[in-house]
Amino acid sequence: AGVRHCGQWDGLRRLADAVQPAQGASEAVIHGPDLRALAETREAESQGPDAHPRRLGTVPAPIVSLAAPWRITFDTNPDDCNFKCTMCEQHSEYSPHQRARKAGGVRRRRMDFELIAEVVEQMAPLGLREIIPSTMGEPLMYKEFPRIVALCAQHNIKLNLTTNGSFWGRGVDAWARLIVPVCSDVKFSWNGATEQTQQR
């Protein structure tokens, strides 16, 4: 079984061999705080049984194998954006991606809503709790976005949204009335609070 590492921490590779995945899991997912606790466990074990953190309750909880992912990201429309933010790897004027796509006559990537609906309908009963529409490109430009919102409401799952804040096509008030009831959070992607900072 493999070990996937999430987060940076010294001693990560030394500890990887000591980690065992949960029964039935194909891999163990380790986060920074869990690694710290695991390191404390190993350190205490080397100092004797009385110092073992398990007795102090600092050992991380066992990894639980889930029936479905609790969050899914859908690349709904990565080629659609009304901005050219300097830091964006897709749409910046310095990025080759969109120029290459256009030069090659490649159509914009836009996910079929039916695929999103099918995945959500299959995963929601198994524990899916949240979905993320495209984080490359502007998700509010996806023509089926209102249907995504309705899908979230229908299956009682949350929408995790990152937007450039232009509130394409409807304006902030109309978008807020639509998305706030189903959102877990809304993030605005900024590279700077002023035009001068943005262009650095």
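Not measured: the values here are computed from a predicted model.

Rules and cut-offs
Residues numbered from 1 in each chain as written. Predicted model: local features only at pLDDT ≥ 70, side-chain atom pairs only at ≥ 80, totals over all residues. Heavy atoms only, no water. Helix = DSSP H or I, 4+ residues; strand = E, 2+ residues; numbered from the N terminus. Buried < 20%, exposed > 50% of the residue type's maximum accessible area, 1.4 Å probe, protein only. Areas by Shrake-Rupley, 256 points an atom, 1.4 Å probe, with all protein chains shown as cover. Salt bridge = Lys/Arg side-chain N within 4 Å of Asp/Glu carboxyl O. Pairing = 2+ DSSP bridges. Axes fitted to C-alpha atoms, helices over the stretch in contact; angles between N-to-C directions. Contact = heavy atoms within 4.5 Å. Arc of directions from axis to C-beta. Disulfide = S-S within 2.5 Å.

S.K.: Lay out the overall build of the protein chain with the relevant residues and their values.
M.R.: Tallying secondary structure elements over the protein chain gives seven helices and six strands in all. Along the chain direction, N to C, the helices and strands of the protein chain fall in the order β-α-β-α-β-α-α-β-α-β-α-β-α. By residue count, 35% of the 200 residues in the protein chain fall in the buried class. Of the roughly 12,600 Å² of accessible surface on the protein chain, a fraction of 51% belongs to carbon and sulfur atoms.

S.K.: Could you give an account of the pattern of salt bridges, with specific residues and numbers?
M.R.: Within this structure, the stated rule accounts for six salt bridges. In this structure, the salt-bridge partner of Glu 130 is Arg 71, at a minimum N-O distance of 2.6 Å. Of this pair, Glu 130 sits in strand β4 (residues 130–132) while Arg 71 is found in strand β3 (residues 71–73), placing the two residues 59 residues apart along the sequence. Between Arg 147 and Glu 144 there is a salt bridge whose closest N-O contact spans 3.3 Å. Residue classification places Arg 147 among the partly exposed positions, given a relative accessible area of 38%. A network of salt bridges, in which partner residues are shared, links Asp 79, Arg 101 and Arg 109.

S.K.: Can you tell me about unusual backbone geometry, naming the residues and giving the values?
M.R.: Phi is positive for Asn 156, which is not a glycine, with a value near 55°. Summarising the element assignment, Asn 156 is placed in the loop between α5 (145–155) and β5 (158–163). The backbone of Phe 167 shows a phi angle near 50°, a positive value even though the residue is not glycine. Its place among the elements puts Phe 167 in the loop between β5 and α6 (172–179). Phe 167 sits in the buried class, given a relative accessible area of 12%.

S.K.: How would you sum up the sheet that holds β4? Please name residues and give values.
M.R.: Pairing is parallel across the open sheet formed by four strands, whose spatial order is β3-β4-β5-β6. Strands at the two margins of the open sheet, each flanked by one partner only, are β3 and β6 (183–188). Each strand of the sheet is rotated relative to its neighbour by a mean of 15°, with strand direction disregarded. Here α5 sits on the sheet in contact with β4 and β5, set at roughly 150° to β5.

S.K.: Please set out helix α4 (residues 113–123) residue by residue, giving values where relevant.
M.R.: Within α4, burial applies to Phe 113, Ile 116, Ala 117, Val 120 and Met 123. Buried residues of α4 fall within an arc of 145° about the axis and therefore sit on the same side. Next to the buried residues of α4 lie β3, β4 and α5.

S.K.: I'd love a proper account of α5, names of residues and values included.
M.R.: Along α5, the residues classified as buried are Phe 145, Ile 148, Val 149, Leu 151 and Cys 152. All buried residues of α5 lie within an arc of 160° about the axis, which places them on one face of the element. What points out from α5, more than 90 degrees from its buried face, is the exposed set Ala 153 and Gln 154. On its buried face, α5 sits against α4, β4, β5 and α6. Positioned one or two residues after α5, Asn 156 has a phi angle of 55°, which is positive.

S.K.: Just give me the short version of the pairing of β6, but keep the residues and values in it.
M.R.: Summarising the sheet, β5 and β6 pair through five bridges and their orientation is parallel. What sits directly across from Asn 160, in β6, is Asp 185.

S.K.: Please set out the state of the cysteines residue by residue, giving values where relevant.
M.R.: Taken as a whole and assessed by the stated rule, the structure comprises zero disulfides. Of all cysteine sulfurs, the one in Cys 152 lies closest to Cys 183, which takes part in no disulfide; the gap is 8.0 Å. You can call Cys 183 buried: its relative accessible area is 14%.

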